[in-house]
Amino acid sequence: MNVYDGQRIAAMLKTRGMVETDNVADADLIILNTCAVREKATNKVYSALGRIRRAKKESALFGIVGCVARESGADAFKRIPELNFVLGPQSYHKLPEIIDNPDTKLLNIDLGGLEKFDELPQMTQTPLVAYIPVQEGCNHCCTYCIVPYTRGREISRPFNDVINDTINAANTGAIEICFLGQNVNGYQYIDENGTTYRLSDLIRAAAQLPEIQRIRFTSSYPTEMTDDLIEIFGTEKKLLPFLNMPIQSGSPRILKLMNRPDDLNAYKTIVEKLKRVRPDIQISSDFIVGFPDETDEDFAETLRIAREIKYINSYSFKYSPRPHTAAALMKNQISEQIKSVRLQKLDAQLNENQREFNMSCIGAEMLCLYESADKTGKNLVFRTPYMQQCIVAKPDQKIASMQKIKIIDANKSCLHGEIIKSE
Ligand code: SAH
């Protein structure tokens, strides 16, 4: 979501004739696009702001956008008086106001809903992977999560708006579409004729565009994984055989405290149904360890589910108490030390899953999407249909963005392959 917001901000500034620089001392405008999901991310923002304050030109405008801006509000100006603007995740389209009025201070952390989508200029150039938001905000109230506060109530964008963005992305360079939403599979839009559109309808429409060769979406809420969506994994070959469906914990007791779906059998049934229609599908998850009151037994259940579902490509975090959330006020907060030990154990399991899956790919041929050159410049990095990184030696001739690659080696973190020459 933040990558998307960053791309839109950059595109908007380019239409005003601005160019990008990596050098803070050179910049006339410095924007920190921020995440508030965990405290560590928020702290990093303030240390970065301190560094920027010292390195920037006197005349340069600087400020923060995104969720830390929304969380801090006017306090941000108190902490860093030189800041020129503080704009929430739904008001960054107002950035030009500060460029036009550099002597003012701009604070806007309103929840504007979908307004920004109407205000932002269309992208004229899209990277190979296009992020397309289908909704703003989230109505699930997971007790640890600051997102409903920072991004507001869930609103699905009109079907035609999402499809227009998708067509524009296809026409301006995209090969892969990633539909985005905090609760992406809960997407639901009812038009003026009373027709209901779901995420499966968006996928079907995107798949009809010849330029688009891969489709994925993130992040999914388990109980929103309805049968129409499960079935489309069987019928739509452009949909990647890979699904991020966070479970967060393997303990029903902790899941209840998190206000998350706590029926593990229902979750496992969804995975089984997906495997039935798409036998090669792989699932990834996000996990939180050390949620308030989590015991060793609760944590053991998380390890067990991680092993059982054989999640690949997953994310794991130490629970971080956040303002405006119910869990921050719960009793029996877990010590940092216990959180660290549990995280290490879970990561060992997730790494083992990933290594096993990567090794099982050796010998396979996969259609992969080009991502970038590696640091040495001698190799190219591709993404497999499971979002693994696959490294190949850079060929002499120019190559297409999609390549069939034979996997020849693997380790925990990536695959190595050879481009299969087309006859
Ligand atoms: N709606 C998104 C949430 C984005 S946050 C989703 O369902 O994925 C991404 C991940 O950060 C969450 O899945 C969760 O694992 C983690 N997270 C959220 N709040 C957290 C907190 N307070 N402490 C630690 N991890 C958190």
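Below is a summary of the structure that appears in this document. Keep in mind that this is a model prediction, so the values were computed, not measured. (Residues numbered from 1 in each chain as written. Predicted model: local features only at pLDDT ≥ 70, side-chain atom pairs only at ≥ 80, totals over all residues. Heavy atoms only, no water.)

Next up on the list: the packing of helix H9 (residues 199-207) against helix H10 (residues 227-235). Close contact between H9 and H10 brings their axes to 8 Å; oriented N to C, the two are set at 25°. If you check the angle between H9 and H10, you find them roughly parallel. For the pair formed by H9 and H10, the contact residues are Leu199, Ser200, Ile203 and Arg204 on the first element and Asp228, Leu229 and Ile232 on the second. Broken down by class, the residue content of the contact of H9 with H10 amounts to four nonpolar, one polar and two charged. (Axes fitted to C-alpha atoms, helices over the stretch in contact; angles between N-to-C directions. Helix = DSSP H or I, 4+ residues; strand = E, 2+ residues; numbered from the N terminus. Parallel < 35°, antiparallel > 145°, perpendicular 65-115°, else oblique. Contact = heavy atoms within 4.5 Å. Nonpolar A, V, L, I, M, F, W, Y, C, P; charged D, E, K, R; others polar.)

It is worth spelling out the nonpolar core at this point. Membership of the largest hydrophobic core comes to 60 residues, with the highest contact counts inside it found for Phe179, Phe217 and Met225. Setting aside anything within four residues of it in sequence, one finds Phe217 in contact with Cys178, Phe179, Val184, Leu199, Ile203, Met225, Leu229, Phe233, Leu239 and Leu243. Within the second largest apolar cluster, 21 residues are counted, among which are Ile30, Ala36, Leu49 and Phe77. (Core = buried A, V, L, I, M, F, W, Y, C linked by side-chain atoms within 4.5 Å. Buried < 20%, exposed > 50% of the residue type's maximum accessible area, 1.4 Å probe, protein only.)

In this section: the packing of aromatic side chains. Under the counting rule described, the total for this entry stands at seven aromatic pairs. Ring geometry for Tyr144 and Phe291: centres 6.5 Å apart, planes at 85°, overall edge-to-face. Highlighted residues: Tyr144 in the loop between strand E6 (135-136) and helix H7 (147-151) and Phe291 in the loop between strand E14 (286-289) and helix H13 (296-309), separated in sequence by 147 residues. What makes Phe291 buried here is its relative accessible area of 0%. Here the aromatic rings of Phe357 and Tyr386 are separated by 5.1 Å at their centres, their planes lie at 80°, and the arrangement is edge-to-face. Of this pair, Phe357 sits in helix H14 (residues 336-360) while Tyr386 is found in the loop between strand E17 (379-383) and strand E18 (389-393), placing the two residues 29 residues apart along the sequence. Grouping aromatic residues by their ring pairs yields a cluster made of Tyr144, Phe291 and Tyr319. (Phe/Tyr/Trp six-rings, centres within 6.5 Å; stacked < 30°, edge-to-face > 60°.)

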